[in-house]
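Breakdown of the fold
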Amino acid sequence: MWPTNSARAKEWTLRGIKILCLVLIALAGLQVRLDDRAIWKKRQNVWYLDRNRPIFASYDAFYFARMARDWQEGRYRSGKPDFYRAVPDSYLTDNITYPFPVPLMSFSAEKLSRVFGVPLERLDLYFTPILAVLFVLPLFLYMESLGYTAAGLLGGLVGVTALIYVIRTSIMRFDTDSLNLFFPFMVAWCLSMYFRSSRPRLWVILASFFSFLYYWWYAHPHLILVNILLFAGLLRWEKGRLEREDWVALAILVVPNLWYLWKSPVALGKQIYEYVVAVVRPEATGIFRDYPNIQQSISELQHFKNLSEVARLTLQNLPLFLLGLAGAVVLLVRERRALFFLWPYFLIGLLVFRAGNRFAMYLAPFVGVGVGFWMDLAFRQGRGRLRESTLHLLRLLGIVAVGIWILASQRSTFAYVATPKANAFVVRDMEKLSRILPPRAWIWSWWDYGYAFQYLSRRGTFVDGGHQLTPKTYYVARSFTTSSPREARNITAFIATEGLLGIKERLKKGTTAAALTQAISRGELYRPPDHPVYWVFTQDLPPKYGWIGYFGSWDFRKHRGRYGFVWPLNPCRETPQKILVCQRGVRIDPITRRVFLGHREFPLRGIVYREARGVNQRLWGPEGLILEIVSSSYGRVFFLVDDPTFRSLFNQMYILRQYDSRYFRLVMDDFPFMVVYEVKF
């Protein structure tokens, strides 16, 4: 069975097999991400900005890409105002600055981009997937050091193939999640080895070094603070009275990281409140409590209540998932001393049931560890009953068999294909704005593309993915939802001159949110801004108008709004009976004036045509849905809207291109991809 009778040869052969298994797991994780490249290549005309620049697959990717670009161009100044973000507040306060230091991901990607001579976007076809699979190494070494080989290998396999982790670390994702499993497992393993190694100081030095990199990568100081507190607590528990070596270890862990640790107690309290106490509430809290809470519309913050949904995101086999979850708990309790530093991350993984689906990526490796634990437990029980070589062979075969079972279960993972957050037409228009808008121009649009505008258009934005949870987002929604161009102009002017700072100051003086909004809308606080402001509508907004309409129509007395209704219908075809048949089972009969949405039926109030010569509308009754047929250079585009949405500026200015020339000037019309207006003050 073994190539030699030497015990040393057996040991090395066994190690080689384990290393081979680990390499195969890492390659499986790479394959499930990199196989998307073939599909991206086929859709290069839509998913690439140009031949060498694929488009990012997450909103936050544009933020980190801009940090890299600003660093490359010499614009980056740590601690200095970042005038691309949250205008005008970045001009009015000192709170919106470039982070110190420059994000490690942006810094390292920019350096690699120069070394390989490729654009940052091209680099990320490989950068994020490669980093994403690195966590299998510290996880395996941690478990292997305790004798849990199967737990280490299967924990890595489930982790790298978990649907949620593949989604968050796919090609073109360019996000910190790519190392947000590696650093926790590496730091935890190093801290654990301090108590089990003959060279404890080496391990605490490594723990301090990786803690430093962890903060530089993720900028969440409270996660490092928790590790240090656990380390100090275990020292006290183990030894009662700390010795000189222990104090030195604490100093090595704390002193090099003291420059950011001072912020960690407040950050820890804030995170516990947000993810355990408050989570997502319908209303905002604090001074902005009367405004709508934008968190309601953020999909990744929605939590799951049942096990099958969490299993779908981690290990898509419910019995195996439950077995793994139970095994993880048993192992963590059984080896509570050695695995003491993994408990925080297991608890973070359990937040998927409470605070958001993204936390499932932390839970997935523990599920795999739990599955492997039962195999390792069976292996230990078999010692003394079977030959050691036979036991190792059986465990290896068991790992391979269960590994194949796990891979066969992850069907959604292998079917998943990462897609860009914007198509090439929208992204090219964004870059065009950098050429046609004045350098001091500010962009007024919904928050999702805020980072993308900053990166591609090189212009400041009012809201983005890091500053969307304020009343400024509400006022953007209100300006889009209203039917009054003058009110929209007044809102834009107030936010462009006073920003969030002006809102806070008036609320602190006792003005209610409702009274302030009324004063802003009427123009009582109107003052022309110093910067030109441009409204930008993009192709992604119609499906999001449900929430935009909800926030924009917010009733301060009832604390709720009314959902907007814009239903993109393309593609559509007309039958010989003149019935319009569109996607998702939508049928529209203009003769009987009925709309069929699946099994539901609604009256058709009218049809509106937008053609090159203008708008022609035929409205028949007071109630029902309105069909809009819009001609563009890309073909006809179809929408269904309800009456309040039809009258909104969003619909009139974006879809129909009807606007009041006293308040707006059309700058660019590339419908449906982008429509841009200058606000006249």
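Heads up: these notes are all about the structure in this document.

**Some remarks on the overall build of the protein**
Helices and strands together make up the secondary structure of the protein, namely 30 helices and 16 strands. The C-alpha atoms of the protein give 28 Å as radius of gyration, which agrees with the globular expectation for 681 residues (26 Å, within 12%). With the C-alpha coordinates aligned to their principal axes, the bounding extent of the protein is approximately 90 × 60 × 50 Å. When each of the 681 residues of the protein is scored for burial, the buried share is 56%. Excluding contacts between residues fewer than 6 apart, the proportion of contacts in the protein whose partners are at least 24 apart in sequence is 66%. Split by element, the accessible area of the protein, about 29,100 Å² in all, is 57% carbon and sulfur. Across the protein, the 85 positively charged side chains and the 51 negatively charged ones have centroids separated by 3 Å.

**What to know about the packing of helix α25 (residues 471-481) against helix α28 (residues 541-552)**
The N-to-C vectors of α25 and α28 enclose an angle of 100 degrees; their axes lie 7 Å apart at closest approach. In terms of their interaxial angle, α25 and α28 are classed as roughly perpendicular. Contacts between α25 and α28 involve Tyr474, Ala477, Arg478, Phe480 and Thr481 from the former and Tyr545, Ile548, Gly549, Phe551 and Gly552 from the latter. Looking at the contact of α25 with α28, its residues break down into six nonpolar, three polar and one charged.

**Focus on the state of the cysteines**
Disulfides are covalent bonds that link the sulfur atoms of two cysteine residues. Counting across every chain of the model gives one disulfide. Here cysteine 572 engages in a disulfide with cysteine 582; their sulfurs sit 2.1 Å apart. Linking cysteine 572 and cysteine 582, the disulfide has an S-S dihedral of approximately 110 degrees and is accordingly described as right-handed. Taken together, the residues cysteine 572 in strand β7 (residues 572-574) and cysteine 582 in strand β8 (residues 580-582) connect sequence positions ten residues apart.

**Re helix α9 (residues 149-161)**
What sets the pattern is the α-helix's 3.6 residues per turn: residues three or four places apart point alike. For α9, built from 13 residues, the straight-helix expectation of 18 Å at 1.5 Å per residue is met to within 8% by its first-to-last C-alpha distance of 19 Å. Where burial is concerned, most of α9 is hidden: 13 out of the 13 residues are buried.

**Examining helix α24 (residues 450-457)**
Most of α24 is tucked away: eight of the eight residues are buried. For α24, the complete set of buried residues consists of Gly450, Tyr451, Ala452, Phe453, Gln454, Tyr455, Leu456 and Ser457.

**Description of the pairing of strand β15 (residues 664-670)**
Pairing of β15 with strand β16 (residues 674-679), which is carried by six bridges, proceeds in the antiparallel orientation. In the sheet register, leucine 666 faces β16, and the bridge partner there is tyrosine 677. Counting the residues that bridge the hairpin from β15 to β16 gives three residues.

**Quick look at the pattern of salt bridges**
Pairs may arise between side chains of opposite charge once their charged atoms sit close together. Evaluated as defined, the whole model comprises 30 salt bridges. Residues arginine 66 and aspartate 82 are paired through a salt bridge, measuring 2.6 Å at the closest nitrogen-oxygen approach. Of the two residues, arginine 66 is situated in helix α4 (residues 59-73) and aspartate 82 in the loop between α4 and α5 (89-92); the sequence distance between them amounts to 16 residues. Its relative accessible area of 0% is what places arginine 66 among the buried residues. With its nearest N and O atoms 2.9 Å apart, the salt bridge here joins aspartate 376 to arginine 395. Of this pair, aspartate 376 sits in helix α20 (residues 360-382) while arginine 395 sits in helix α21 (residues 388-409); the two residues are 19 residues apart in sequence, bridging distant segments of the chain. Judged on exposure class, the residue aspartate 376 and its partner arginine 395 are both buried. Within the structure, one salt-bridge network assembled from shared partners comprises Arg66, Arg69, Asp70, Glu73, Arg75, Asp82 and Arg458.

**Notes on a nonpolar patch on the surface**
A contiguous nonpolar surface patch, about 460 Å² in accessible area, is contributed by Ile19, Leu20, Val23, Leu24 and Leu27. Residue placement: isoleucine 19 occurs in helix α1 (residues 7-34).

**Some thoughts on the nonpolar core**
Phe135, Met143, Phe174, Phe231, Phe341, Leu342 and Leu433 are the most contacted members of the largest nonpolar core, which totals 151 residues. Tallying contributions element by element places α20 first for this core, with twelve residues. The residues touching methionine 143, leaving out its near neighbours within four places in the chain, are Tyr148, Ala151, Gly152, Leu331, Leu339, Leu342 and Val369. Counting 56 residues, the second largest nonpolar core, distinct from the first, contains Tyr475, Phe494, Ile503 and Phe556.

**Examining the packing of α9 against α20**
Axis separation between α9 and α20 bottoms out at 6 Å; the angle between their running directions is 150 degrees. Relative to α20, the element α9 lies roughly antiparallel. Taken as a pair, α9 and α20 cross one another with a handedness that is right-handed. Of the residues in α20, those in contact with Thr149, Ala150, Ala151, Leu154, Gly155, Val158 and Gly159 of α9 are Ala364, Pro365, Gly368, Val369, Val371, Gly372, Phe373, Met375 and Asp376. The class makeup of the residues in the contact of α9 with α20 is ten nonpolar, five polar and one charged.

**A closer look at the side chain of threonine 413**
On the secondary structure map, threonine 413 appears in helix α22 (residues 411-415). Polar contacts involving the side chain of threonine 413 include one to the main-chain amide nitrogen of leucine 163, which spans 3.4 Å. For threonine 413, the residues in contact, after removing those within four places along its chain, are Val32, Thr161, Ala162, Leu163, Val166 and Gln316.

**Re the sheet that holds β16**
Strand order in the open sheet formed by five strands is β4-β3-β5-β16-β15, with mixed pairing between adjacent strands. Edge strands, defined here as strands with exactly one partner in the open sheet, are β4 (460-461) and β15. Most of the contacts of α25 go to strand β3 (residues 442-444), to which it runs at about 65 degrees, and overall it touches β3 and β5 (533-538).

Analysis parameters
- Residues numbered from 1 in each chain as written.
- Predicted model: local features only at pLDDT ≥ 70, side-chain atom pairs only at ≥ 80, totals over all residues.
- Heavy atoms only, no water.
- Helix = DSSP H or I, 4+ residues; strand = E, 2+ residues; numbered from the N terminus.
- Rg over C-alpha atoms; globule rule 2.2 N^0.38 Å.
- Buried < 20%, exposed > 50% of the residue type's maximum accessible area, 1.4 Å probe, protein only.
- Contact = heavy atoms within 4.5 Å.
- Areas by Shrake-Rupley, 256 points an atom, 1.4 Å probe, with all protein chains shown as cover.
- Lys, Arg positive; Asp, Glu negative; His and termini not counted.
- Charge placed at Lys NZ, Arg CZ, Asp CG, Glu CD.
- Axes fitted to C-alpha atoms, helices over the stretch in contact; angles between N-to-C directions.
- Parallel < 35°, antiparallel > 145°, perpendicular 65-115°, else oblique.
- Nonpolar A, V, L, I, M, F, W, Y, C, P; charged D, E, K, R; others polar.
- Disulfide = S-S within 2.5 Å.
- Expected span 1.5 Å × (residues − 1).
- Pairing = 2+ DSSP bridges.
- Salt bridge = Lys/Arg side-chain N within 4 Å of Asp/Glu carboxyl O.
- Patch = residues over 30% accessible without salt bridge, like charges linked within 9 Å, V, L, I, M, F, W, Y side chains within 5 Å.
- Core = buried A, V, L, I, M, F, W, Y, C linked by side-chain atoms within 4.5 Å.
- Left-handed = near helix turned anticlockwise from the far one by under 90°.
- Polar contact = N/O pair within 3.5 Å; in protein donor to acceptor, adjacent residues only side chain to side chain.

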